[in-house]
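# Examination of the molecular architecture
What follows is the residue order along each chain.
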Amino acid sequence: MSDTNTGALRTVPHAQLATDVRQGVLRLSRRLRQQKADTHVSDAQMAALGFLLQNEPLTIGALSEHEGVTPPSMNRTVNALVELGFVERSAHADDRRKVMLCTTPAGANFVLETRRRRDEWLVPRLAKLSPDERRTLTEATRILRELGRS
């Protein structure tokens, strides 16, 4: 972006806040993503696996809708997770045409270990904040979740 365009953008209300929030969230997200139990699992696979663990059983359609991708794209992600031994498919109890997805014990362990590593990285950093900073971060977290749902 040229200096002229950047200058014009800065006259838009909240442009600097948008830049600061975006950069801060991206930097923190990148650091947390590095704490996976296995770096060969993609971020998309990790997100799908984590959501599946919390909401299983799910169809590919439900999982793809939540993740905001097409069912064929989610099917590729699920295929990779099945190949890793993290997800298994089974027929729906009432509608044999539907395929249900569940995590395997290995998949659940992978998610829980990744969450443990991420918490292990983040908790000491949060502990260094003042009580006021932690209260502010609690409120900011609520606001960021609302922004993510909009």
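See the structure shown above.
Conventions used here
- Residues numbered from 1 in each chain as written.
- Predicted model: local features only at pLDDT ≥ 70, side-chain atom pairs only at ≥ 80, totals over all residues.
- Heavy atoms only, no water.
- Helix = DSSP H or I, 4+ residues; strand = E, 2+ residues; numbered from the N terminus.
- Core = buried A, V, L, I, M, F, W, Y, C linked by side-chain atoms within 4.5 Å.
- Buried < 20%, exposed > 50% of the residue type's maximum accessible area, 1.4 Å probe, protein only.
- Contact = heavy atoms within 4.5 Å.
- Axes fitted to C-alpha atoms, helices over the stretch in contact; angles between N-to-C directions.
- Parallel < 35°, antiparallel > 145°, perpendicular 65-115°, else oblique.
- Nonpolar A, V, L, I, M, F, W, Y, C, P; charged D, E, K, R; others polar.

Residue proline 57 follows glutamate 56 across a cis peptide bond; omega there is -5°. Inspection of the secondary structure puts proline 57 in the loop between helix H3 (43-55) and strand E1 (58-59).

The next point concerns the nonpolar core. Counting 19 residues, the largest nonpolar core has Leu49, Leu63, Val78, Val87 and Leu101 as the members making the most contacts within it. Listing elements by their share of this core, those giving two or more residues are H3, helix H4 (60-67), helix H5 (71-83) and helix H6 (105-127). With six residues, H3 is the largest single contributor of residues to this core. If sequence neighbours within four positions are ignored, leucine 101 has contacts with Leu52, Glu56, Pro57, Leu58, Thr59, Ile60, Leu63, Val78, Val87, Glu88 and Arg89.

The next point concerns the packing of H4 against H5. For any two helices packed against each other, one specifies the crossing angle of their axes together with the interaxial distance. The geometry of H4 relative to H5 is characterised by a closest axis approach of 9 Å and an angle of 105° between their N-to-C directions. With respect to H5, the axis of H4 lies roughly perpendicular. Seen from H4, the contacting residues are Ile60, Leu63, Ser64 and Glu67; seen from H5, they are Pro71, Met74, Asn75 and Val78. Partitioning the contact of H4 with H5 into residue classes produces five nonpolar, two polar and one charged.

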